[in-house]
Amino acid sequence: MSKKEISSAVIKRLPRYYRYLGELLEDGIERISSNELSEKMRVTASQIRQDLNNFGGFGQQGYGYNVRYLYDEIAKILGMDKKHNMIIIGAGNLGLAIAKYSNFGKRGFIIKALFDKDESLVGKEVGDITVHSMSELSEFIKNNDIEIAALTIPKGDATRIADEVVTYGIRAIWNFAHTDLRLPEHVTVENVHLSDSLMQLSYNIKWQEKE
């Protein structure tokens, strides 16, 4: 499949398709129509067909979608048909919580190490993941084929650390620091602002009350 421009809205829905299809497989369901998938996901059937047509469609008239095939194809589209090595920079509560979440490994995201500037944390283990000193960062990234760095550090350190790891070869940053990062175009950045999600909840609560 050749690369083409896909809207960000479609890309954001792909992980939801992947998750729901995985649940269908766990339930032993082999095929599903766009209407049935629509009911589960609360996305219109026409939207589902439009989204999937960006990548070839995958459905058959009168049959619907083969769940296993569609699940595997979306995995390929998302780049999840291979392993992605990652590190977490910041061994505070959030960093430790992410390290403990076992589903990342099941999805192909392999957390290889934690890093922190607090030397008293160095050597601490979270399962089979060890906390390393920041002085080891460069060599570890280069020697372990690390693609992704998750930043769970204060806002004041995020820009400097992000610039630093990019020079070591990091291709993508999962940023939990409370600042939007601006990095070279070849580096993918996903900014995650937890407070933004809470404010969206607050907005929805407010306007639900007015209905």
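Just above sits the structure.
This section reports on the structure supplied with the text. (Residues numbered from 1 in each chain as written. Predicted model: local features only at pLDDT ≥ 70, side-chain atom pairs only at ≥ 80, totals over all residues. Heavy atoms only, no water.)

### Re unusual backbone geometry
And step 1. Residue Arg42 is not a glycine yet carries a positive backbone phi of 60°.
And step 2. Checked against the element boundaries, Arg42 lands in the loop between helix H2 (34–41) and helix H3 (45–53).
And step 3. Relative accessible area serves as the criterion here: at 80%, Arg42 is assigned to the exposed category.
And step 4. With a phi angle near 50°, Asp145 is a residue other than glycine that sits in the positive phi range.
And step 5. Counting through the fold element by element, Asp145 comes out in the loop between helix H7 (137–143) and strand S7 (148–151). (Helix = DSSP H or I, 4+ residues; strand = E, 2+ residues; numbered from the N terminus. Buried < 20%, exposed > 50% of the residue type's maximum accessible area, 1.4 Å probe, protein only.)

### Points about the packing of helix H1 (residues 8–26) against helix H4 (residues 67–77)
And step 1. Between H1 and H4, the shortest axis-to-axis distance is 9 Å and the interhelical angle comes to 145°. The two elements H1 and H4 meet at a crossing, and its hand is left-handed. When H1 is examined against H4, the residues Leu14, Tyr17, Tyr18, Leu21, Gly22, Leu24 and Leu25 are found in contact with a partner set consisting of Val67, Arg68, Leu70, Tyr71, Ile74, Ala75 and Ile77.
And step 2. In terms of residue class, the contact of H1 with H4 is made up of twelve nonpolar, one polar and one charged. (Axes fitted to C-alpha atoms, helices over the stretch in contact; angles between N-to-C directions. Left-handed = near helix turned anticlockwise from the far one by under 90°. Contact = heavy atoms within 4.5 Å. Nonpolar A, V, L, I, M, F, W, Y, C, P; charged D, E, K, R; others polar.)

### A closer look at the environment of Thr152
And step 1. Positionally, Thr152 belongs in the loop between S7 and helix H8 (155–167).
And step 2. Taking the relative accessible area as the measure of exposure, Thr152 reaches 14% and is therefore buried.
And step 3. In this structure the C-alpha to C-alpha distance between Thr152 and Ile98, which are 54 residues apart in sequence, comes to 9.4 Å.
And step 4. A distance of 2.7 Å separates the side chain of Thr152 from the backbone oxygen of Gly90, its partner in a polar contact. (Polar contact = N/O pair within 3.5 Å; in protein donor to acceptor, adjacent residues only side chain to side chain.)

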